[in-house]
Amino acid sequence: MGQLATLFSPDRIAVVGATDREGSVGRAITANLLDGFEGDVVAVNPTKDEVLGLESHDSVGAVPDVDAAVVVVPPSIVIDAIREAAEAGVQNVVVITAGFGESGSEGASRERELREIAAEHDLNLVGPNSLGIVNTGVGMNATFGPESPQEGSISFMSQSGAFVTAVVDWANDRNLGFHNVVSLGNKAVLDESDFVAEWGEDPDTDVILGYLEDVVDGRAFVEAAREVSRETPIVVVKSGRTEAGASAAASHTGAIAGSERAYEAALDQAGVLRVESVQDLFDFGSILAGQPLPEQDGVAIVTNAGGPGVMTTDAVGDSDLSLASFTDETVEAFRAALPDEANVYNPVDIIGDAPVERFEDALDVALADPNVGAAVVVACPTATLSYDALAEAVVDLQAEYEMPVAATLMGGSSARSANDTLSTAGIPTFFDPARAVRSLDALREYREISRREYTEPETFDVDRDAARGILEAADRRNSNRLGVEAMGLLDAYGIPTPDAEIVDSRADAVEAADRIAGDGEVVMKIVSPDILHKSDIGGVAVGVSPEDVADTYEDLVTRARNYQPDATVLGVQVQEMLDMDSAVETIAGMNRDPGFGPLVLFGLGGIFVEVLEDTTVRVAPVSEPSAREMLTEIDAAPLLRGARGRDPVDEDGVVETIQRLSQLVTDFPAIVELDINPLVATPDGVQAVDVRLTIDQEEL
């Protein structure tokens, strides 16, 4: 265990606010501790002489060597109680009391003071507004829940205390056990990152489950979970999904990459299995805790019912698993063991009159096949089949082959004792075969996570001083938005850009065009931090010939003035015109998420980027393998690789641009949003044709 070892395994725990009053939280916590805790329980209540047979003390300081205190006193005296405990040397505090940050300004002020005391005394503090904590290994139920969980190897944290009580009741009914349980409460001090890190070092925790509504420190969580998930599976339900804030975003990236996409990207990068339902949370948790990882993706289905067998087959098709192809030897073994009417191919239908011996023979043959990585046993009740005997046979064969098996014993009371036998042996059971397949797919997904090799993001040699100068120049203009006038920002970070010049007169435009293209054509764009969507107002002219440059300059400025008379117009950009015949317009961008920091986006670009939304995201900084994965994840990936006879684009150049952009936005927290659109990718390289960004002037 790590730094929270004495929080979960104290020798002596004090209940501050212990009472014997019926229906009170203080009584419930004290009674739960007395019911099974292996250590000493201390009652603290100056108004009582005795609580539930315990001598009651006036203060925590009156009792030596208290390792942890559970505080359940009125909000007005919580701070005094915590300070008293800290000064008495108590290092671990669980604050049950509500009335803090969740209850208005007065409560928020109280919570700030609580944090200050915790920081001053280096307290491990859970809550406030917490149901409490559990460690079944030492019989400690320091909650006011009505039941104690069974012992197991799953550690579970929840941002909802009420959800904990419901889960414990549900799990006890299904013989699903826990090691540690934590109600996070307001997460004033300890949060999800702390418990992930702690349980990653705990030999008694095989799986970490979480119900989260938010993440306090996204980057800390990603780092902790990425380290832990290599050895210990983490499965999370993240509720409160929202796109709030996207409508106010100034960039394409900001509009597309809302906070929900940040969570998706961050949890994936951290190796966390994210599920959408509580059912999947505990289905995945139980199979990850009880079954080995499959060596391969082929699934064998053994059933006595054709319809459920087809349902199971469909579920395999919907997953990233595959239906195992049996070898010729396996098929012959099935023919020898099964009736002529049986189907000896996958799914294996052993016919409705099958006794347990036929199930046993078929599963034995299936698990021995070298193409099988996992199996699902699907059974319907018949007069010829004993579910109890089938459960024992499945347990024995799973132990013999040490391969993952899931069971679907369809029925109600007839399957109850058999399901208990299977679950006790770590084999999950389901009524719906689709749940069984999804759970096996979770094993496959975690196998891939456990085999990931983390690569540190590359650090490029860049000109940070030049980049800072461009951002500070915008600040001096009292502008928080920049357009093509900030192309030098990309140059400073080694992101290729076409030859270009910003001019503020007709004559200078003609000279710039002559220098850039000679007798060739150029692209001209209005330059205004107040007009970010230039194409929408006709602020971009493509293919401008030398003789039209001067008039085009006047047209662009006039359109900008007419569109927005009070706009700051810095001039017109005259830019080299690229050969687009073999090019693909992509977008690379960033939106700064309040929890996870810079979120880097890549996808199909151009004027329809927000319509198509063919994009993928990563939390920065982005490593080279991760950037390369981004190119494969978009639907338009074939375009990059040369669809319909086109030459493939320079993927290495795109990957490096994503990495360099990632470094830029990591280096400068002042950049809130940024778009490179289009980032033109060709067989010969990439060019950032246009840029716009929003900055937070207070961060400069």
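Residues numbered from 1 in each chain as written. Predicted model: local features only at pLDDT ≥ 70, side-chain atom pairs only at ≥ 80, totals over all residues. Heavy atoms only, no water.

A. Summary view of the packing of aromatic side chains. Counted by the stated rule, this structure contains 12 aromatic pairs. Consider the rings of Phe 156 and Phe 282, whose centres lie 5.5 Å apart with planes at 70 degrees: the pair is edge-to-face. Taken as a pair, Phe 156 in strand E10 (residues 151-158) and Phe 282 in helix H10 (residues 278-290) lie far apart in primary sequence, 126 residues in all. You can call Phe 156 buried: its relative accessible area is 1%. Ring geometry for Phe 178 versus Phe 282: centroids 6.2 Å apart, planes at 85 degrees, classification edge-to-face. Residue Phe 178 is found in strand E11 (residues 178-183), and its partner Phe 282 is found in helix H10; the two are separated by 104 residues along the sequence. Taken together, the ring pairs in this structure connect Phe 156, Phe 163, Trp 170, Phe 178, Tyr 211 and Phe 282 into an aromatic cluster. Arg 110 extends its terminal NZ or CZ atom over the ring of Phe 100, reaching a point 5.7 Å from the ring centre. (Phe/Tyr/Trp six-rings, centres within 6.5 Å; stacked < 30°, edge-to-face > 60°. Helix = DSSP H or I, 4+ residues; strand = E, 2+ residues; numbered from the N terminus. Buried < 20%, exposed > 50% of the residue type's maximum accessible area, 1.4 Å probe, protein only. Lys NZ or Arg CZ within 6 Å of the ring centre and 35° of its normal.)

B. The arrangement of empty space enclosed by the protein in detail. Scanning all chains against the criterion turns up one cavity of 30 Å³ or more. Approximately 70 Å³ is the volume attributed to the largest cavity. Leu 131, Val 134, Asn 141, Thr 143, Gly 145, Pro 146, Glu 147, Pro 149, Val 164, Thr 165 and Val 168 together form the lining of the largest cavity. Looking at the lining of the largest cavity, the elements with two or more residues in it are strand E9 (140-143) and helix H5 (161-172). Here the element with the most residues in the lining of the largest cavity is H5; it accounts for three residues. A breakdown of the residues in the lining of the largest cavity according to their chemical character gives six nonpolar, four polar and one charged. (1 Å grid on protein atoms, 1.4 Å probe; cavity = no way out; pocket = protein on both sides within 12 Å on 5 of 7 lines; lining within 4 Å. Points joined across faces, edges and corners; volume = space filled by probe spheres on them. Nonpolar A, V, L, I, M, F, W, Y, C, P; charged D, E, K, R; others polar.)

C. Representation of unusual backbone geometry within the structure. A cis amide bond, omega 0 degrees, links Gly 127 with the succeeding residue Pro 128. Backbone torsion omega between Ala 620 and Pro 621 reads 0 degrees, so that peptide bond is classified as cis. Note that Pro 621 resides in the loop between strand E27 (615-619) and helix H22 (624-633). A positive phi is found at Asn 175, a non-glycine position, where the angle reads about 55 degrees. Tracing the chain through its elements places Asn 175 in the loop between H5 and E11. With relative accessibility at 33%, the residue Asn 175 sits in the partly exposed group. With a phi angle near 80 degrees, Ile 351 is a residue other than glycine that sits in the positive phi range. Along the chain, the position of Ile 351 falls in the loop between strand E17 (348-349) and helix H13 (356-368).

D. Molecular detail of the nonpolar core. Core analysis: the largest hydrophobic core is formed by 54 residues, its most contacted members being Leu 7, Ile 13, Leu 33, Ile 133, Val 182 and Phe 195. If sequence neighbours within four positions are ignored, Ile 133 has contacts with Leu 7, Phe 8, Val 94, Val 126, Met 140, Asn 141, Ala 142, Thr 143, Val 181 and Val 182. Among the nonpolar cores identified, the runner-up in size contains 48 residues, and Ala 486, Phe 602, Ala 637 and Val 665 belong to it. (Core = buried A, V, L, I, M, F, W, Y, C linked by side-chain atoms within 4.5 Å. Contact = heavy atoms within 4.5 Å.)

E. Highlighting H13. The terminal C-alpha atoms of H13, which comprises 13 residues, lie 18 Å apart, in line with the 18 Å expected from a rise of 1.5 Å per residue. Of all the residues in H13, the buried ones are Val 356, Arg 358, Phe 359, Ala 362, Leu 363, Val 365, Ala 366 and Leu 367. Buried residues along H13 sit against strand E15 (298-303), helix H12 (328-337), strand E18 (374-379), helix H14 (387-401) and strand E19 (405-409). (Expected span 1.5 Å × (residues − 1).)

F. Highlighting the sheet that holds strand E21 (residues 500-503). Within the open sheet, the four strands sit side by side as E21-E24-E22-E23. Their pairing is antiparallel. Edge positions in the open sheet fall to E21 and strand E23 (540-544), since each of these has one partner strand only. This sheet shows a mean twist of 20 degrees between the axes of neighbouring strands, independent of strand direction. Here E21 runs beside strand E24 (residues 571-576); their pairing, made up of four bridges, is antiparallel. Bridging from a neighbouring strand, Ala 500 pairs with Gln 575 of E24. In the packing of helix H19 (residues 506-517) onto the sheet, the strands contacted are E21, strand E22 (522-527) and E24, and the crossing angle to E21 comes to about 175 degrees. (Pairing = 2+ DSSP bridges. Axes fitted to C-alpha atoms, helices over the stretch in contact; angles between N-to-C directions.)

G. Layout of the pattern of salt bridges. Going through the model one piece at a time under the given rule, you end up with 35 salt bridges. Put simply, Asp 214 and Lys 187 hold a salt bridge, and the shortest N to O gap is 2.7 Å. Of this pair, Asp 214 sits in the loop between strand E12 (207-212) and helix H7 (218-228) while Lys 187 sits in the loop between E11 and helix H6 (192-200), placing them 27 residues apart in sequence. Salt bridges linked by common partners bring Asp 80, Arg 83 and Glu 113 together as one network. (Salt bridge = Lys/Arg side-chain N within 4 Å of Asp/Glu carboxyl O.)

H. Seen up close, the layout of surface pockets. Reported here for the largest pocket is a volume of approximately 840 Å³. Considering the residues around the largest pocket, the lining is formed by 31 residues, among which Arg 174, Asn 175, Asn 419, Ser 423 and Thr 429 are closest to the centre. For the lining of the largest pocket, the elements supplying multiple residues, two or more each, are E10, H10 and helix H15 (416-424). Sorting elements by how many residues they give to the lining of the largest pocket places H10 first, with six residues.

I. Expanded view of the side chain of Asn 135. Relative to the assigned elements, Asn 135 resides in strand E8 (residues 132-135). Judged by relative accessible area, which is 3%, Asn 135 ranks as buried. A polar atom in the side chain of Asn 135 sits 3.3 Å from the side chain of Asn 180. Residues contacting Asn 135, with those up to four places away along its chain left out, are Phe 8, Ser 9, Met 140, His 179 and Asn 180. (Polar contact = N/O pair within 3.5 Å; in protein donor to acceptor, adjacent residues only side chain to side chain.)

J. Summary view of helix H24 (residues 651-667). Over its 17 residues, H24 runs 24 Å from end to end, which matches the ideal 24 Å to within 8%, given 1.5 Å per residue. Among the 17 residues that make up H24, 14 are buried, leaving the element largely enclosed by the rest of the structure.

K. Quick look at the sheet that holds E10. Pairing in this open sheet of seven strands is mixed, and the strands run E9-E8-E11-E10-E12-E13-E14 from one edge to the other. The open sheet has two edge strands with one neighbour each: E9 and strand E14 (273-275). For this sheet the average axis-to-axis angle between neighbouring strands, irrespective of direction, equals 15 degrees.

L. Geometry of a negative patch on the surface. On the surface, a cluster of negative charge is made up of Glu 357, Glu 360, Asp 361, Asp 388, Glu 392, Asp 396 and Glu 400. Those elements giving two or more residues to the negative patch turn out to be H13 and H14. When residues of the negative patch are assigned to their parent elements, the largest contribution, four residues, is made by H14. In this fold, Asp 388 is placed in helix H14. (Patch = residues over 30% accessible without salt bridge, like charges linked within 9 Å, V, L, I, M, F, W, Y side chains within 5 Å. Areas by Shrake-Rupley, 256 points an atom, 1.4 Å probe, with all protein chains shown as cover. Lys, Arg positive; Asp, Glu negative; His and termini not counted. Charge placed at Lys NZ, Arg CZ, Asp CG, Glu CD.)

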